[in-house]
Amino acid sequence: MGVDIRVENLNAWYGQVHTLKDVSLHISANQATALIGPSGCGKSTFVRCLNRMHETNPIARAEGSVRMGEIDIYRDATPVEIRRRVGMVFQRPNPFPSMSIYDNVASGLKLNGYRKRRVLDEVVERSLKQAALWDEVKDDLKKKSGASISGGQQQRLCIARALAVDPEVLLMDEPASALDPVSTAKIEDLIFELKCQYTIVIVTHNMQQAARVAERTGFFLMGKLVEFDATDKLFTNPTDKRTEDYITGRFG
Amino acid sequence: MISALPERGARVEQLIKLRRSAANHFVTLLAVVSTVIVLAPLIAILGYLIYKGGSSLNLAFFTHVPAPVGQPGGGMANAIVGSGVILGIASAIGVPLGIAAGVYLAEYGRGGVLGSAVRFTADVLNGVPSIVMGIAAYGLIVLKQHHFSALAGGVALAIMMVPTITRTTEEMLATVPHALREAALGLGIPRWRTILSVSLRTATPGIITGCMLAFARVAGETAPLLFTAFGNQFWSFNVNQPIAALPLQIFVYAVSPYDEWHRLAWAGALVLIALIMVSVTLVRLYASRGEIKGGH
Amino acid sequence: MSQLSPVTLPTPEVNSGGKRAESVAAAEPAPPSEIRKFLQTRSTSRLADGSFRGLMLLAAFSLFVIIALIVWMLVVNSKLSIHAFGWHFFTGRQWDPVGGSFGALPFIYGTVVSSLLAVAIAVPLSLCVAIFVLDICPQPLRGPIAFLTELLAAIPSVVYGLWAVFVLVPIVRDNVGPVLEKSFGWTGFFAEPNFGVGMLTASVVLAIMIFPVICSISRDVMRAVPIHQREAALALGATRWEMIRIGVLRNARLGIVGAVILGLGRALGETMAVTMVIGNHPDIVKNLFNPAYTLASVIANEFTEATGDLYLSALIEIGLVLFVVTIVVNAIARLLVWAVTRGDSTRAA
């Protein structure tokens, strides 16, 4: 159900700063791919290039080829079209405080003009169950605002919201970094299950997390993709010395 | 002389300490007294209004038009209604324009030259005396139509509301966290829908507050109405005719030589103050609640 | 590379994954492809985005339109008077509608003197109250006092005028006036005749009206002074007043000047309350009890009675003067306040 992503020679700039340098990789469908690296290495920028979110910054620019399935997302489609096929979960939970839980989950559909009540109800239930949040909020769907639940629940709400539009790709930018260990574990379980249905790209600072959930992992350093390999190979027998240094904690 | 110095030194030191302490106490006293002096007129004004206005307030005030000069009774019903009409026109023009301009400034005009120019213009307009706004509306509408009208009065007040509402709307929208916009854009929701359903919706309590404050401010304005709405002794619902307004009527009655009209002026002032105070208090309550709700 | 196992790989828990997969599969009523199909058919909304932005831009432009209209209205309609009198308009002391000669000096005098006097009365009071609320006042009283100050600001001009006519004027005429005459009559500022209406009464009302502005902005400016300045003064052993003087006032100086100028700007443009108690006589005398006339008041009083184009044009020229002066004064004030509070000046409106 997911789709694969081929990136070739992707370069990105924020103003004059060259943030991504010639990045090329192939993200397989229905798998979880982790991206690790020290702060500021460009992994978040890379992920935002996959759904053209970096364009929301007026001084941002990208060049290169990113193909999702058959189409080039920069040349063959508009940002809005791409973002309807690619879901994104951010580092800090950002549910809409002025909307109920139900409306939050349904927002991707309602605000794009979808009206059919019955289908919306089903989609909301399905998404909340996928995000393992249904049991906790099913009685308060329309009564509680999206911001009145705990941090971990908010993040799962954001995941449900992203899933409700039935994306083909799910991008997650350090989704558990702002959460407590229990919520983090819940979210990792989620990713583990979801990856058979979607293509997941997860940015993480936490190497153990990458090891737990992802089949393949990429190591970024200063805007370059240093190494990209099967997760266990990357962590036990890295090819590049820089990767080894990072993994053993010599920097970052 | 060395032995004498420490003694004198100690005395001088003591004197300095006393002087510093006295100065401190004096200023404290000054501050307290000033506060009392300043709050006294407020209490006096409000007290006087309630006393003089309350005794003249009766049902007739709200239902009758002014009686002929010299005759007792009568009311300011037409002025209250007239104010309503003028404020309705002013809000219908001023609120949408102001909010839309505020949306532009907050969502599209953050960094550019155009945004700064609009912001600057709004701030300049906020400092223009209201009577000058009246002159502008006079030239625009009264001169063209060759008569005074409620419409001219409404326009004069509208151009006072626009810059105020623009700035408060912009301020409120700026408090909406950027993360919310990103979440919406990330879902593939178009920019215009994001602004409407996320930014505006989240900032709604604050924006309403801003509009109510602007409304309360122009509700008490007299100068711009002097030669636009002009005033009217009788009922009038025609937007193209001169119309009575509460602050205007209060002014005319207050400077008149008739006791009966003075009485009505006090009553009118009380009603005007009551309406404005209610708005200001509501705004404060609503604003503080809105902040708590919108946050978490 | 060397054989390192820096990261122990936990074995994925297959069992819990399997259990969860069941509940996911069970809750799949709607075929996902309908959602995807729907979303694919939605428009790219380029047109909607563009139109929306265009609409908002138009609204923003309305502010330019408004100020352009005001300026145009004022300039075009005062041309007659400008051509007729030129610079003599500002030096002429005669305001003679019947004879057709218009000199605005009495109004300039009235406006400037009443405003400066109002500022002179209001500033010390404002600063004292600001200091009181910030540093001296016990915590529970702070909110109510701030609220009361806001209430003062919300009272409309005409209500101040009404109160001033029936309360302040008799006080100035009967109580305060004679006292001032006896004690300070020798200065020439307090002399007969004293009808209660005049420069002094108007200045007092103005002072009450501009007090809330000066006070609240001064408070904001003083509050914006970093707390370590106060702490430094206290650490050196300063008394409370010294701490305020050295740690706060000295740093907030510029902003307070800005607040004062803002208050001055308000006073210059104030119309109704002044009109009701200033006496409306274009005199230029030293006596503060004498009636006077301000730029705003003459417009308010005589606009609707103006016969003839020249008369109206002269009044509108006065409006132009008022407009230009208040803009300049407010611009200076905002610059100063902004420089100190870094952009909080929007609250001044």
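**Notes on the overall build of chain A**
Thinking step 1. Looking only at helices and strands, chain A has 10 helices and 10 strands in total.
Thinking step 2. Expected size for 252 residues packed as a compact globule is a radius of gyration near 18 Å; at 18 Å, chain A falls within 12% of this value.
Thinking step 3. Residue pairs at least 24 apart in sequence account for 69% of intrachain contacts in chain A once pairs closer than 6 positions are excluded.

**A closer look at the interface of chain C and chain B**
Thinking step 1. Contact with chain C, which involves 69 residues of that partner, is made by 73 residues of chain B.
Thinking step 2. With 19 residues, helix α3 (residues 46–85) of chain C is the largest single contributor of residues to the side of chain C that touches chain B.
Thinking step 3. Residues of the side of chain C that touches chain B, tallied by class, amount to 49 nonpolar, 14 polar and 6 charged.

**A few points about the pairing of strand β6 (residues 86–89) of chain A**
All names here are of chain A.
Thinking step 1. Burial along β6 is two-sided: Val86 and Met88 facing one way and Gly87 and Val89 facing the other are all buried.
Thinking step 2. Of the strand pairs in this sheet, β6 and strand β7 (residues 169–173) are connected by 4 bridges, and their pairing is parallel. Bridge pairing in β7 places glycine 87 opposite leucine 170.

**A closer look at the pairing of strand β2 (residues 17–27) of chain A**
All names here are of chain A.
Thinking step 1. Alignment of strand β1 (residues 5–14) against β2, held across 7 bridges, turns out to be antiparallel. Within β2, the residue paired with arginine 6 across the bridge is histidine 26.
Thinking step 2. Between β1 and β2, which pair antiparallel and follow one another directly, the connecting turn spans 2 residues, one of which, glycine 15, has a positive phi of 65 degrees.

**Quick look at the confidence of the model for chain A**
Thinking step 1. Per-residue pLDDT for chain A has a mean of 90; in total, 99% of the residues score no lower than 70.
Thinking step 2. Mean pLDDT across the elements of chain A bottoms out in helix α7 (residues 181–194) of chain A (86) and peaks in β6 of chain A (94).

**A few points about the nonpolar core**
Thinking step 1. With 283 residues, the main nonpolar core has Val205 and Val277 of chain C as its most contacted residues.
Thinking step 2. Examining the composition of this core, we find that 17 residues originate from one element, helix α8 (residues 199–223) of chain C, more than from any other.

**What to know about the environment of phenylalanine 107 of chain C**
Residues and elements named next belong to chain C.
Thinking step 1. The topology assignment puts phenylalanine 107 in helix α5 (residues 105–136).
Thinking step 2. Residue phenylalanine 107 is classed as buried on the basis of its 24 C-beta neighbours within 10 Å.
Thinking step 3. Considering only alpha carbons, one finds phenylalanine 107 and glutamate 242, 135 residues apart in sequence, at a separation of 42 Å.
Thinking step 4. Contacts of phenylalanine 107, omitting those with residues within four sequence positions, involve Pro282, Tyr293, Thr294, Leu295, Val298 and Ile318.

**A closer look at unusual backbone geometry**
Thinking step 1. Residues other than glycine seldom take positive phi values, yet asparagine 30 of chain A does so here, at roughly 50 degrees.
Thinking step 2. For asparagine 280 of chain C, which is not glycine, the phi torsion reads 55 degrees and is therefore positive.
Thinking step 3. Looking at the secondary structure, you find asparagine 280 of chain C in the loop between α11 (272–277) and α12 (295–302).
Thinking step 4. Exposure remark for asparagine 280 of chain C: the 20 C-beta atoms within 10 Å place this residue in the buried category.

**Quick look at the sheet that holds strand β9 (residues 216–221) of chain A**
Residue and element names in this part refer to chain A.
Thinking step 1. Across the sheet, which stays open at both edges, the 6 strands sit in the order β6-β7-β8-β3-β9-β10 with mixed pairing between neighbours. In this open sheet, the two strands that pair with only one neighbour each are β6 and β10 (224–230). This sheet shows a mean twist of 15 degrees between the axes of neighbouring strands, independent of strand direction.
Thinking step 2. Relative to β9, strand β3 (residues 32–36) is paired through 4 bridges, and the arrangement is parallel. Bridging from a neighbouring strand, leucine 35 pairs with glycine 218 of β9.
Thinking step 3. Packed onto the sheet, helix α6 (residues 151–164) meets β6 and β7 and runs at close to 175 degrees relative to β6.

Quick notes on the rules
The residue numbering used here restarts from 1 in each chain and proceeds along that chain's sequence as written. Numbering of ligands from 1 and lettering of chains from A proceed in the order in which they are written. The model is predicted, so local features are restricted to residues of pLDDT at least 70 and side-chain atom pairs to those at 80 or more, both for listing and for counting; the totals for chains, interfaces and linings are taken over all residues. Per the convention used, a helix needs a DSSP run of H or I reaching at least four residues, while a strand needs a run of E reaching at least two, with both numbered from the N terminus. Two things to know: the radius of gyration comes from C-alpha atoms, and the globule rule equals 2.2 Å times the number of residues to the power 0.38. Each residue is represented by a C-beta atom placed from its backbone, and any two residues with such atoms within 7 Å are regarded as in contact. Classification used: nonpolar for Ala, Val, Leu, Ile, Met, Phe, Trp, Tyr, Cys and Pro, charged for Asp, Glu, Lys and Arg, polar for all others including Gly. As a rule, residues whose C-beta atom has 12 or fewer other C-beta atoms within 10 Å are exposed, those with 20 or more are buried, and those in between are partly exposed; C-beta atoms are placed from the backbone. Any two strands with at least two DSSP bridges between them are considered paired. Scored between 0 and 100, pLDDT is the confidence that the predictor attaches to each residue. Each nonpolar core comprises buried Ala, Val, Leu, Ile, Met, Phe, Trp, Tyr and Cys residues, the members being joined through C-beta atoms within 7 Å. Interaxial angle, 0 to 180 degrees, is taken between N-to-C directions of lines fitted to C-alpha atoms, where a helix line uses only the stretch in contact.

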